[in-house]
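Listed here are the chains, written in short residue letters.
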Amino acid sequence: MKRHSSDQRPMIRAAMKIHEHLTSLVRKRQLRLPVNRWEELSGVHRRLQLAQRKGWRRASSVLLTNLEYQLRYLVTDIEVCRQSLPPWRLLDTIAPASAIANDLAALTSEFEAVKIDLKRKQIAVQTASIALEGVELGAFDLVLSWESIGDSTFAYSVIAQNPNSAESNSRVTHPHVSEGALCEGEGSVAIQAALLSGRLFDFFLLVRQILLTYNSGSAFVSLDEWSGGGSCEDCGCRIGVHDDYRCERCFATSCRDCVSSCLGCDSHLCSQCLLACQACEETYCSSCLIKQTGTGQHLCPSCLEQGEKDAGEEDETAEATGVAATNTVCMGKTASTA
Amino acid sequence: MKILFINNDGGGFADNIEVPAEMTVQQLFAQRVSHGKPENYLIRVNRQPVSSGQVLQEGDRVSITPTKIEGAH
């Protein structure tokens, strides 16, 4: 007789109990054909045939209506019966206790820790620390209560060891985990199949891979909003709740590096709302830049003033040059007539 | 020879199948998951990671699990 080490005994005992539970699940489900419904339907049919033979039109009409209702109920009952069939087929697909034990033994090579609690009838594995898109979520314990397999409630929980919960909702410890319940999404059917078949190695791997995958389109809290802030609308980086700046023009959210101030009025502005003076290229808001008459350039007050001053000096120079030229001509004429 | 093949993609498939002798893991994958790339799956033989060139044996348990499975809310 093969002796098992003391390490293996809890594993083997757990495997046997899990196998026993799974096979009992299937045996407990009794297939009930809708016999009562059929008998009722048959009774209505017999009465209808009698009414039709006797020429009782009103009774026939009422019985026909009743027959129609009974047929509809029968169709529903048959469908319910049909949907209850799959568990019967599973009897052949339930892994033997030895395979379940091998699954439990193999979990140690995939997870940081594996714990078997025979008293609580639980198997728990610990994942490595999980980070998604730079957000550290930490390690998770996946705790399977095997006696709950086949119940309508969740048979397992996903518990964060050192929760880094979403800022907006402390119950969300992972984008797809709320209050210890994983929203399985694409993995739902495969997880149920693995559990009902006793393929616990596959089950724990499936749950882990869901935790390692971020579905931004369907999360309890998106990673963009995990720390309470959003992402910079200029550069796209993630920003914390105290590091975000709002543009005072368009209210866009910017990070510290992308936000700037208008040199004129000191408003905080995003890169879209910040404009450059076309002379000095310093940054201003649209209200502080002035459109120069004539050139159409948008200039800051300083450059505009300087521009007008320069223009004024040019006019004076031009005027002075023009007078000198006139005088020169006159002198020239005078000279020539002399 | 007969092996237990488990495909955890989508709805899941787990059944004993017949495969030719000397079939490798890579060949089995190409045959059974023709639309997928091996690097997008965890491939385990008897619950252990293996190289793609590993030759399958009678009674092996081969499982294929996608690395990316999208959860929801």
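By convention here, each chain's residues receive numbers from 1 onward along its written sequence. Here every chain gets a letter starting at A, and every ligand a number starting at 1, in the order they are written. Restriction of local features to residues with pLDDT of at least 70 applies here, the model being predicted, together with a cutoff of 80 or more for giving and counting side-chain atom pairs; totals for whole chains, interfaces and linings are based on all residues. Hydrogens are left out, water is left out, and the side-chain values use all remaining heavy atoms of the structure.

Student: Just to check I follow, could you spell out the overall build of chain B for this structure?
Tutor: Going along the chain from the N terminus, every DSSP run of H or I of four or more residues is numbered as a helix, and every run of E of two or more is numbered as a strand. When helices and strands are tallied, chain B shows 1 helix and 5 strands. Taken over 73 residues, chain B has a buried fraction of 42%. Accessible area of chain B: about 3800 Å², with a carbon and sulfur share of 47%. Relative accessibility under 20% of the residue-type maximum defines a buried residue, over 50% an exposed one, and the middle range a partly exposed one, all with a 1.4 Å probe and only protein chains included. For the accessible areas, the method is Shrake-Rupley and the probe is 1.4 Å, while residue cover comes only from the protein chains on display.

Student: Help me out: how do you make sense of the overall build of chain A in this one?
Tutor: A tally of helices and strands in chain A yields 8 helices and 17 strands. Across the 338 residues that make up chain A, the buried fraction comes to 36%. Whether two residues touch is decided by their heavy atoms; if any such pair falls within 4.5 Å, the residues are in contact. Intrachain contacts of chain A at a sequence separation of at least 6 include 47% that bridge at least 24 residues. Accessible surface computed for chain A: about 20400 Å², of which carbon and sulfur atoms make up 50%.

Student: Quick question: what am I supposed to make of the sheet that holds strand β9 (residues 181-182) of chain A here?
Tutor: Hydrogen bonds along the backbone pair up the strands of a sheet, which may run parallel or antiparallel. All names here are of chain A. Whether two strands pair depends on DSSP finding at least two bridges between them. Pairing is antiparallel in the open sheet, where 3 strands are placed in the order β7-β8-β9. Two strands lie at the open edges of the sheet, namely β7 (172-174) and β9, each paired on one side alone. Inspection of the sheet shows β7 paired to strand β8 (residues 177-178) by 2 bridges, in the antiparallel sense. From the neighbouring strand, H174 faces β8, where its bridge partner is V177.

Student: Please explain the pairing of strand β1 (residues 2-7) of chain B as it appears in this structure.
Tutor: If a strand is regular, its side chains alternate between the two faces of the sheet. All names here are of chain B. As paired strands, β1 and strand β2 (residues 13-18) are joined by 6 bridges and run antiparallel to one another. The partner of K2 across the bridge, within β2, is E18. As judged from the 4 bridges shared by β1 and strand β5 (residues 61-66), these two strands associate in the parallel manner. In the strand pairing of β5, F5 is matched with V62.

Student: Help me understand the interface of chain B and chain A in this model?
Tutor: Put simply, an interface is often sized by how much accessible area is lost when its parts join up. Chain B puts 20 residues into the contact, and the matching count from chain A is 29 residues. Summing the contributions of chain B and of chain A, the shared interface buries around 2100 Å²; its carbon and sulfur component is 52%. For chain B, the biggest contributors to the area lost against chain A are R47, I69 and E70 of chain B; these three give 32% of the whole. Salt bridges are identified by distance alone: a Lys or Arg side-chain nitrogen within 4 Å of an Asp or Glu carboxyl oxygen. For the pair chain B and chain A, the number of links is 4 salt bridges. Note that R61 of chain B and D202 of chain A form a salt bridge whose closest N and O atoms lie 3.2 Å from each other. Think of a polar contact as two N or O atoms within 3.5 Å of one another; within protein, one of them needs to be a possible hydrogen donor and the other a possible acceptor, and neighboring residues in sequence only count if both atoms come from side chains. Put simply, chain B and chain A have 13 residue pairs in polar contact (both at pLDDT 80 or more) between them. Summed over both partners, the accessible surface that disappears when two parts come together, traced with a 1.4 Å probe, is what is meant by buried area.

Student: What should I look at first to understand the nonpolar core in this one?
Tutor: The nonpolar side chains of a soluble globular protein tend to be buried with one another. Residue and element names in this part refer to chain A. Buried residues of nine kinds, namely Ala, Val, Leu, Ile, Met, Phe, Trp, Tyr and Cys, make up a nonpolar core once their side-chain atoms join them within 4.5 Å. Counting residues in hydrophobic clusters, the biggest one holds 55 residues, and the most contacted among them are L142, L144, V158, F203 and F204. Per element, the largest residue contribution to this core is 9 residues, and it comes from helix α7 (residues 200-211). If we ignore the near neighbours within four places in the chain, the residues touching F203 are L144, Y156, I191, A194 and L195.

Student: Please explain the side chain of H176 of chain A as it appears in this structure.
Tutor: Tracing the backbone shows H176 of chain A in the loop between β7 and β8. At a separation of 3.1 Å, a polar atom in the side chain of H176 of chain A contacts the main-chain amide nitrogen of N215 of chain A. Beyond its immediate sequence surroundings of up to four residues, H176 of chain A is in contact with A181, L182, C183, T213, Y214, N215, S218, A219 and F220 of chain A together with G71 and A72 of chain B.

Student: Any chance you could explain the confidence of the model for chain B here in plain terms?
Tutor: Reading predicted coordinates in detail is not appropriate for stretches of low pLDDT. The pLDDT value expresses, per residue, how confident the predictor is, ranging between 0 and 100. The predicted model of chain B averages 93 in pLDDT, with 100% of residues at 70 or higher. Confidence estimates for the predicted assembly give a pTM of 0.64 and an ipTM of 0.96.

Student: Can you help me understand the packing of helix α1 (residues 8-28) of chain A against helix α5 (residues 97-106) of chain A in this one?
Tutor: Packed helices, taken two at a time, are described by their axes: the angle between them and the distance between them. Residue and element names in this part refer to chain A. Between N-to-C directions, angles span 0 to 180 degrees; the directions come from axes that are lines fitted to C-alpha atoms, helices contributing only their stretch in contact. Interaxial distance between α1 and α5 falls to 8 Å at its minimum, and their mutual angle equals 130 degrees. With respect to α5, the element α1 is oriented oblique. Between α1 and α5 the crossing geometry is right-handed. Of α5, the residues touching α1 (which contributes M11, A14, A15, M16, I18 and H19) are A97, I100, A101, L104 and A105. Residue composition of the contact of α1 with α5, by class: 10 nonpolar, 1 polar and no charged. An angle below 35 degrees is treated as roughly parallel, one above 145 as roughly antiparallel, one from 65 to 115 as roughly perpendicular, and anything else as oblique. Here a crossing is called left-handed whenever its near helix is offset anticlockwise from the far helix by less than a right angle, and right-handed whenever the offset is clockwise. Gly is placed with the polar residues, together with every amino acid not listed as nonpolar (Ala, Val, Leu, Ile, Met, Phe, Trp, Tyr, Cys and Pro) or charged (Asp, Glu, Lys and Arg).

Student: Would you mind going over the confidence of the model for chain A with me for this structure?
Tutor: Residue and element names in this part refer to chain A. Of all residues in chain A, 86% have pLDDT values of 70 or greater, and the mean over the chain is 85. Predicted confidence in chain A is weakest over helix α4 (residues 86-90), with a mean pLDDT of 55, and strongest over strand β2 (residues 122-126), with 98. Across residues 327-338, where pLDDT falls below 50, the model places 0 contacts with residues more than four positions away in sequence or in other chains.

Student: Explain the pairing of strand β1 (residues 113-117) of chain A here, please?
Tutor: Bridge count between β1 of chain A and β2 of chain A: 5 bridges; the pairing is antiparallel. In the sheet register, K115 of chain A faces β2 of chain A, and the bridge partner there is A124 of chain A.

Student: Can you walk me through the pattern of salt bridges in this structure?
Tutor: Opposite charge on two side chains makes pairing possible when the charged atoms of those side chains draw close. This model, assessed by the stated rule, comprises 9 salt bridges over all chains. Residue D103 of chain A pairs with R61 of chain B through a salt bridge whose shortest N-O separation is 3.8 Å. Of this pair, D103 of chain A sits in helix α5 while R61 of chain B sits in strand β5, placing the two residues on different chains. Among the charged side chains, a salt-bridge network with shared partners connects D103, R199 and D202 of chain A together with R47 and R61 of chain B.

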